[in-house]
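Chain by chain, the residues:
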Amino acid sequence: MRTELISIQTETEPLDGALHWPDELPARGGILLFHGNVMNFYSGMLRFLPPALTSLGFACLAFNRRSHDILGTHDSRAAVGGAFQLVARDIEDNRIAAAWLARQGFPNPIVIGHSNGGVLATQHVLDHPTTPALVLLSAHRGGKIDAALGAGTRGSGMMTEDKHVSFKAEARRLVDEGRGHTLMIMPGWWHVVTAETYLDRLVNMPDVIANASRITCPVLYVRGDKEVPSQYPAEEFKAAAAGRCDIEIIPDCDHYYRGSDEPVSNAVVNWLKKLPS
């Protein structure tokens, strides 16, 4: 494949990324790749999938949302990154990237999202109903997680767990005082977050199962066998889906697909090959 580094302008910092082209042109279509929470365009599936996808003749756009990584700087010493993410801005970044890809000649790309990128992908597909296919790689269930955290049902030590009540109260106090951008050390993943971002995350995530009932394009839902089905609900999604949904469970595979690049790539490629051209 051939790779072109790109930068897509927004009203603030740009969406940097890579446009991967198949060696043989013209490309048969486009694919949008959405990275997981606080990840980026050069790690995880956005790194290992493009060679397989371009071998099928697709042009692939891998890009950073403005919420990439946990913290960073861009063109000043002001901090940016995942600690400052907002759900609405993430959705907007995906829309901006799709519009950019359309200007390159790919107005209806296939969408592939990993983890939180998969959750956002379900909303993107609802907002772009001409999407021809969707691949969810270990998408979590999303939705309003405030009640689940309070009940201690999320597991894995994510999103503060047993400290949820006190952490949320402190975040609310900071927001009410006009200090919503204050960074807070968060017990559990993803380690550092602003007060505003924490509160936004609790109530504004797209609900994957609810979205499934309105998604009519073909869907492939991939999960590793080391992942908890209640958190990564492939079977529930299939039962709720308005259209075709296929499930692939990858043996000896965790959430980040460590050591499983090849079987995950094969599952995606083999499924895409079966789609109508």
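Here's a quick rundown of the structure. (Residues numbered from 1 in each chain as written. Predicted model: local features only at pLDDT ≥ 70, side-chain atom pairs only at ≥ 80, totals over all residues. Heavy atoms only, no water.)

Quick word on the nonpolar core
Thought 1: Counting 39 residues, the largest nonpolar core has Leu 32, Leu 61, Leu 134 and Phe 237 as its most contacted members.
Thought 2: At six residues, helix α2 (residues 87-103) tops the list of elements feeding residues into this core.
Thought 3: Residue contacts for Leu 32: discarding those within four places in its chain leaves Leu 61, Phe 63, Ala 97, Ala 98, Leu 101, Pro 109, Ile 110, Val 111, Ile 112 and His 124.
Thought 4: Residues Leu 46, Ala 62, Val 264 and Val 269 belong to the second largest nonpolar core, which totals 31 residues. (Core = buried A, V, L, I, M, F, W, Y, C linked by side-chain atoms within 4.5 Å. Buried < 20%, exposed > 50% of the residue type's maximum accessible area, 1.4 Å probe, protein only. Helix = DSSP H or I, 4+ residues; strand = E, 2+ residues; numbered from the N terminus. Contact = heavy atoms within 4.5 Å.)

Re the side chain of Ser 67
Thought 1: You can see Ser 67 is positioned in the loop between β4 (58-63) and β5 (72-73).
Thought 2: When its relative accessible area of 3% is taken as the criterion, Ser 67 is described as buried.
Thought 3: Here Asp 90 takes part through its side chain, which lies 2.7 Å from a polar atom of the side chain of Ser 67.
Thought 4: Setting aside residues up to four positions removed in sequence, Ser 67 forms contacts with Val 38, Gly 81, Gly 82, Gln 85 and Asp 90. (Polar contact = N/O pair within 3.5 Å; in protein donor to acceptor, adjacent residues only side chain to side chain.)

Notes on the environment of Leu 199
Thought 1: Looking at the secondary structure, you find Leu 199 in helix α6 (residues 195-204).
Thought 2: Accessibility expressed as a relative area gives 10% for Leu 199, which makes it buried.
Thought 3: Along the sequence, Leu 199 and Gly 57 sit 142 residues apart, while their C-alpha atoms lie 42 Å from each other.
Thought 4: Sequence-distant contacts of Leu 199, that is, excluding residues within four places in its chain, are made with Lys 168, Ala 171, Arg 172 and Val 175.

Regarding the sheet that holds strand β2 (residues 15-21)
Thought 1: Read across the open sheet, the eight strands follow the order β1-β2-β4-β3-β7-β8-β11-β12; overall the sheet is mixed. A strand with exactly one partner marks an edge of an open sheet, and here the two such strands are β1 (2-8) and β12 (245-250). Each strand of the sheet is rotated relative to its neighbour by a mean of 20 degrees, with strand direction disregarded.
Thought 2: Lying on the sheet, α2 is in contact with β1, β2, β3 (29-34) and β4; it crosses β4 at an angle near 145 degrees. (Pairing = 2+ DSSP bridges. Axes fitted to C-alpha atoms, helices over the stretch in contact; angles between N-to-C directions.)

Looking at the pairing of β2
Thought 1: Of all the seven residues making up β2, six are buried; the element is thus mostly covered by neighbouring parts of the structure.
Thought 2: Pairing between β1 and β2: seven bridges, direction antiparallel. Within β2, the position partnered with Leu 5 by the bridge is Ala 18.
Thought 3: Counted along the chain from β1 to the antiparallel partner β2, the turn is six residues long.

Topic: the environment of Ile 209
Thought 1: Among the secondary structure elements, Ile 209 is positioned in helix α7 (residues 208-212).
Thought 2: Here the alpha-carbon distance between Ile 209 and Lys 238, two residues 29 residues apart in the chain, equals 8.9 Å.
Thought 3: The residues contacting Ile 209, other than those within four sequence positions of it, are Arg 141, Pro 233, Glu 236, Phe 237 and Ala 240.

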